[in-house]
Amino acid sequence: MTRIIILLLFLAASVYGATRTYDIVVYTATASGVQAAIASATEGKTVAIIEPGLNIGGMVSGGLGLTDRGNSIVIGGNALEFFKRIGRYYGEFGPLFDFEPHAAEDVFTEWLASLKIPVFFEERIETVSKSGTRISSVSTNLGNTFVAKVFIDASYEGDLLAFAGVSYAVGREGRTQYNESYAGVIKEPSSLSRHQFTVGVNPFGPDGKPLPMVYAGDPGKEGEADKKIQSYNYRMCLTQNPNNRVPIPKPANYDPAYWELFRRYFAVATPQDLTFNSLVAISDLPNGKTDINNNGPISTDYINGAWEYPEANWTRRQEIIREHIEYTQAYFYFLRTDPAVPESLRAEVATWGLAKDEFVKTNNWPHQLYVREARRMIGAYVFIQKDRTEEIEKQDTVGLGSYNFDSHHTQRIPVGSITFDEGDLQAFYAMNPFQLPYSMLVPKPTECTNLIVPVCVSSSHVGYCSIRLEPQYMILGQSAGVAASFAIDAGKNVQDIDIPLLQRRLRKLGQYLTPGDIPS
């Protein structure tokens, strides 16, 4: 019965070519967007979600079943409630942080339905209308127009903020821009980088040119800024259960020559580096499933493949998504068929397949590309390296984080006669709580005064690398929804709301704003 009610609710939201008016409109049904909508509705506001795809939950329901969370004690409010609901879904008492993708989507879907929050699927924003510094309405590819008092951009890409004329950055700042020691190109091997080649692998073909998996352009100089993006991948939900397993497809355009660098790696790497557990990170999920992530120098991250994505148009993004799918399919096909791979490993990889009861709308393939970073707003306050390491207390705190700086590789390049994966940043493992300021969620007041951004927050690349976790996105989503409601009630711009009043309300809702709020 619950599923029927949910289906009817969402089908009712699918009438095209209309103008719809709400107090708050949230762009995309990421986990952050869902929490923003739930918080808005809980505050008594009318709210709707516009979602370009077919699913709810973003990466949380898109394969990231092993929750990256740092120190879980900082997770409060509705983010913690989500994990408690996941626990109840499995008949457990208390929060559960590792779960199947469909479980997350079921929990989010039923939560939204209980509050009668409509989700408009397969709609993406194409135009934004503004009056002065305020967004008046947004229009979508399906001809619908959405009018609201406050808008929340919870997308991974920051498309709404860009359409609204809000400043943003793409790529990496140089070390001098914000005086960040971890910034810029990290071409020199260091302890900050993991998932690296441990043996020398020749990156050049017989013609003297870099092999297909190696970037042939200018890699930049140490510490310099660039416009390149850390790599994306798919978090694969695989199983060895023959009763719930379908083969990972071979891509139609599979090119054995593309994988020559991988063959060379197999020829020189140590046996312990060539186990399946070393080539990919395997994390167990309930019911015999996994969350497969990148691990090692050549893995599921499509290095060099994401740079265009943040500012690409819809058509080009679909091409990039297809390239990532084909790369991932080819990766597993190579491992189970290529003669360079030891026979025992080929046989082991062949025992894995897609879980046929997951991602049923997308042929068992994850519905969400792991967009680790895209646009980053340049707003009222820019969160940088020192905000994680030194100046961790904020007067306008609206949540807590605890993670280290974590960036995946940005480019694979030749360094002399060897291959080097550049850009991985793993630093500052203190895992101590740090405070997330409200001022990084709002644009400069000269640019937009009724937009809140809880995902593509105002930050440097380094600063963002400590924020970009789904629990933090959910925490910020809830805070954004409450803040949007406060702006409406007070008749104020989002930059001018009463922060102490907002903080009191968030604490009442169970949000942890300082370490002192965390239950002992």
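Here, residues in each chain are numbered from 1, in the same order as that chain's written sequence. Residues qualify for local features only when their pLDDT is at least 70, as the model is predicted, and side-chain atom pairs are given and counted only at 80 or more; totals for whole chains, interfaces and linings, by contrast, use all residues. Neither water nor hydrogens contribute to the side-chain values; these are computed over all heavy atoms in the structure.

1. Overview of the overall build of the protein
Working step 1: To qualify as a helix, a DSSP run of H or I must reach at least 4 residues; to qualify as a strand, a run of E must reach at least 2; elements of each kind are numbered from the N terminus. Scanning the protein from terminus to terminus reveals 13 helices and 20 strands.
Working step 2: C-alpha atoms define the radius of gyration in this analysis, and the globule rule sets the expected value at 2.2 Å times the number of residues to the power 0.38. By the compact-globule yardstick of 24 Å for 520 residues, the protein fits well, its C-alpha radius of gyration being 23 Å.
Working step 3: Projected onto its principal axes, the C-alpha coordinates of the protein cover approximately 65 × 55 × 50 Å.
Working step 4: Each residue gets one of three labels from its accessible area relative to the maximum for its type: buried under 20%, exposed over 50%, partly exposed in between, using a 1.4 Å probe on protein chains only. Burial status across the protein gives 60% buried among its 520 residues.
Working step 5: Contacts are residue-level and defined by heavy atoms, with any inter-residue pair within 4.5 Å sufficient. Once local pairs closer than 6 in sequence are excluded, the contacts in the protein between residues at least 24 apart make up 76%.
Working step 6: Carbon and sulfur atoms make up 51% of the accessible area of the protein, which amounts to about 19300 Å² in all.
Working step 7: Of the side-chain charges in the protein, 47 are positive and 57 negative, and the distance between the mean point of each set is 3 Å. What sets the accessible areas is the Shrake-Rupley method with a 1.4 Å probe; for residues, cover comes only from the shown protein chains. The sign given to each residue is positive for Lys and Arg and negative for Asp and Glu; His and the chain ends receive no count. Taken as the charge centre is NZ of Lys, CZ of Arg, CG of Asp or CD of Glu, depending on the residue.

2. Some points on the side chain of His 409
Working step 1: Checked against the element boundaries, His 409 lands in the loop between β15 (405-407) and β16 (411-415).
Working step 2: Take His 409: its relative accessible area is 3%, and that puts it in the buried class.
Working step 3: At 3.0 Å, the side chain of His 409 forms a polar contact with the backbone oxygen of His 195.
Working step 4: Nitrogen and oxygen atoms within 3.5 Å of one another constitute a polar contact, given that in protein one can donate a hydrogen and the other can accept it, and given that sequence-neighbouring residues count only through two side-chain atoms. In this structure the side chain of His 409 is engaged in a polar contact, spanning 3.3 Å, whose partner is the backbone nitrogen of Asp 424.

3. What about the environment of Ala 374?
Working step 1: Along the chain, the position of Ala 374 falls in the loop between β12 (353-355) and β13 (376-377).
Working step 2: Since its relative accessible area comes to 1%, Ala 374 is described here as buried.
Working step 3: The contact partners of Ala 374, leaving out residues within four places of it in the chain, are Tyr 156, Glu 157, Ala 169, Val 170, Ile 229, Tyr 232 and Pro 310.

4. Let's talk about the pattern of salt bridges
Working step 1: The working definition used for a salt bridge is a side-chain nitrogen of Lys or Arg within 4 Å of a carboxyl oxygen of Asp or Glu. The tally for this structure, following the rule as stated, stands at 30 salt bridges.
Working step 2: One salt bridge in this structure joins Arg 505 and Glu 43, with 2.8 Å as the shortest N-O distance. Separated by 462 residues along the polypeptide, Arg 505 in helix α13 (residues 499-508) and Glu 43 in the loop between α2 (31-42) and β2 (47-51) bring together distant segments of the chain.
Working step 3: Among the charged side chains, a network of salt bridges with common partners joins Glu 100, Lys 289, Asp 357 and Glu 358.

5. Let's talk about the packing of helix α6 (residues 260-268) against helix α8 (residues 314-337)
Working step 1: Between N-to-C directions, angles cover 0 to 180 degrees, with each direction set by a line fitted to C-alpha atoms, over the stretch in contact for helices. Orientation of α6 relative to α8, taken along the N-to-C sense of each, is 40 degrees, at an axis distance of 12 Å. Compared by their axis directions, α6 and α8 come out oblique. As α6 packs across α8, the resulting crossing turns out to be right-handed. Of the residues in α8, those touching α6 at Phe 262, Arg 263 and Phe 266 are Tyr 331, Phe 334 and Leu 335.
Working step 2: Residue composition of the contact of α6 with α8, grouped by class: five nonpolar, no polar and one charged. What sets the label is the angle itself: under 35 degrees gives roughly parallel, over 145 gives roughly antiparallel, 65 to 115 gives roughly perpendicular, and the rest give oblique. The crossing is said to be left-handed when, going from far helix to near helix, the turn is anticlockwise and less than a right angle, and right-handed when the turn is clockwise. Residue classes follow a fixed rule: Ala, Val, Leu, Ile, Met, Phe, Trp, Tyr, Cys and Pro count as nonpolar, while Asp, Glu, Lys and Arg count as charged, and any other residue, Gly among them, counts as polar.

6. Observations concerning the packing of aromatic side chains
Working step 1: What counts as a ring pair is set by centres within 6.5 Å for rings of Phe, Tyr and Trp (its six-membered ring), and what kind of pair is set by the plane angle: stacked under 30 degrees, edge-to-face over 60, tilted for all other angles. This structure, assessed with the given rule, holds 30 aromatic pairs.
Working step 2: Arranged with centres 6.2 Å apart and planes meeting at 55 degrees, the rings of Tyr 156 and Tyr 473 form a pair that is tilted. Taken together, the residues Tyr 156 in the loop between β6 (145-153) and α5 (159-163) and Tyr 473 in helix α12 (residues 470-490) connect sequence positions 317 residues apart.
Working step 3: Under the relative-accessibility criterion, Tyr 156 is labelled buried at 4%.
Working step 4: Taking 6.1 Å as the distance between ring centres and 45 degrees as the angle between the ring planes, the aromatic pair formed by Phe 276 and Trp 352 counts as tilted.

7. Let's talk about the side chain of Glu 100
Working step 1: Topologically, Glu 100 is positioned in the loop between α3 (77-89) and α4 (101-114).
Working step 2: Among residues more than four places away in sequence, those in contact with Glu 100 are Tyr 90, Pro 286, Asn 287, Lys 289 and Glu 358.

8. Description of unusual backbone geometry
What you tend to see is this: most non-glycine residues have negative phi, and most peptide bonds are trans.
Working step 1: Of note in the backbone geometry, Lys 116 takes a positive phi value of approximately 55 degrees without being a glycine.
Working step 2: Structurally, the position occupied by Lys 116 is in the loop between α4 and β3 (119-121).
Working step 3: Lys 116 sits in the exposed class, given a relative accessible area of 65%.
Working step 4: Phi at Asn 287 is positive, roughly 60 degrees, even though this residue is not glycine.
Working step 5: With respect to the helices and strands, the residue Asn 287 is situated in the loop between β10 (280-285) and β11 (289-294).

9. Focus: α12
Working step 1: A helix is expected to span 1.5 Å for every residue after the first. The terminal C-alpha atoms of α12, which comprises 21 residues, lie 30 Å apart, in line with the 30 Å expected from a rise of 1.5 Å per residue.
Working step 2: Across the 21 residues of α12, 19 count as buried, placing the element largely inside the fold.
Working step 3: Gly 491 occupies a position one or two residues after α12 and carries a positive phi of about 65 degrees.

10. Notes on the confidence of the model for the protein
Working step 1: Residues with a pLDDT of 70 or more make up 96% of the protein, whose mean pLDDT is 95.
Working step 2: Confidence of the predictor at the level of single residues is captured by pLDDT, which takes values from 0 to 100. Mean pLDDT across the elements of the protein bottoms out in helix α1 (residues 2-12) (47) and peaks in strand β20 (residues 451-452) (99).
Working step 3: Of the regions scoring below 50 in pLDDT, residues 1-5 engages in two contacts with residues more than four places distant in sequence or in other chains.

11. A look at the pairing of β11
Working step 1: The element β11 is largely enclosed, with a buried count of six among its six residues.
Working step 2: By the convention used here, strands pair only if DSSP detects at least 2 bridges between them. Alignment of β10 against β11, held across six bridges, turns out to be antiparallel. Residue pairing in the sheet places Leu 285 in a bridge with Lys 289 of β11.
Working step 3: Counting the residues in the hairpin turn of β10 and β11 gives three residues, including Asn 287, whose phi is positive at 60 degrees.

12. As for the nonpolar core
Working step 1: As used here, the term nonpolar core means buried Ala, Val, Leu, Ile, Met, Phe, Trp, Tyr and Cys residues forming a set that is joined through side-chain atoms within 4.5 Å. Core analysis: the largest hydrophobic core is formed by 142 residues, its most contacted members being Phe 82, Phe 262, Tyr 331, Leu 335, Tyr 438, Ile 452 and Leu 502.
Working step 2: Of all the elements, α12 adds the most residues to this core, at 11 residues.
Working step 3: Residues contacting Phe 82, with those up to four places away along its chain left out, are Gln 35, Val 60, Phe 99, Ala 104, Val 107, Phe 108, Trp 111 and Met 474.

13. Side note on the environment of Val 455
Working step 1: Looking at where Val 455 falls in the secondary structure, it is placed in the loop between β20 and α11 (461-464).
Working step 2: On the basis of relative accessibility, which here comes to 0%, the residue Val 455 falls in the buried class.
Working step 3: In this structure the C-alpha to C-alpha distance between Val 455 and Cys 465, which are 10 residues apart in sequence, comes to 12 Å.
Working step 4: Leaving out residues up to four positions away in the same chain, Val 455 has contacts with Ser 32, Asp 153, Ala 154, Ser 155, Tyr 156, Tyr 464 and Tyr 473.

14. Remarks on the pairing of β2
Working step 1: The element β2 is largely enclosed, with a buried count of five among its five residues.
Working step 2: A two-sided burial pattern is seen for β2, the buried positions comprising Val 47, Ile 49 and Glu 51 on one face and Ala 48 and Ile 50 on the other.
Working step 3: As judged from the four bridges shared by strand β1 (residues 19-27) and β2, these two strands associate in the parallel manner. Each residue of the ladder has a partner; that of Val 26, found in β2, is Ile 49.
Working step 4: Every crossover in which the path from the first strand over the helix to the second runs clockwise, viewed with the strands pointing away from the viewer, is termed right-handed. Between the parallel elements β1 and β2, the chain passes through α2 in a crossover that is right-handed.
Working step 5: In this sheet, β3 lies alongside β2 in parallel orientation, the contact comprising three bridges. By the bridge assignment, Ile 49 is partnered in β3 with Val 119.

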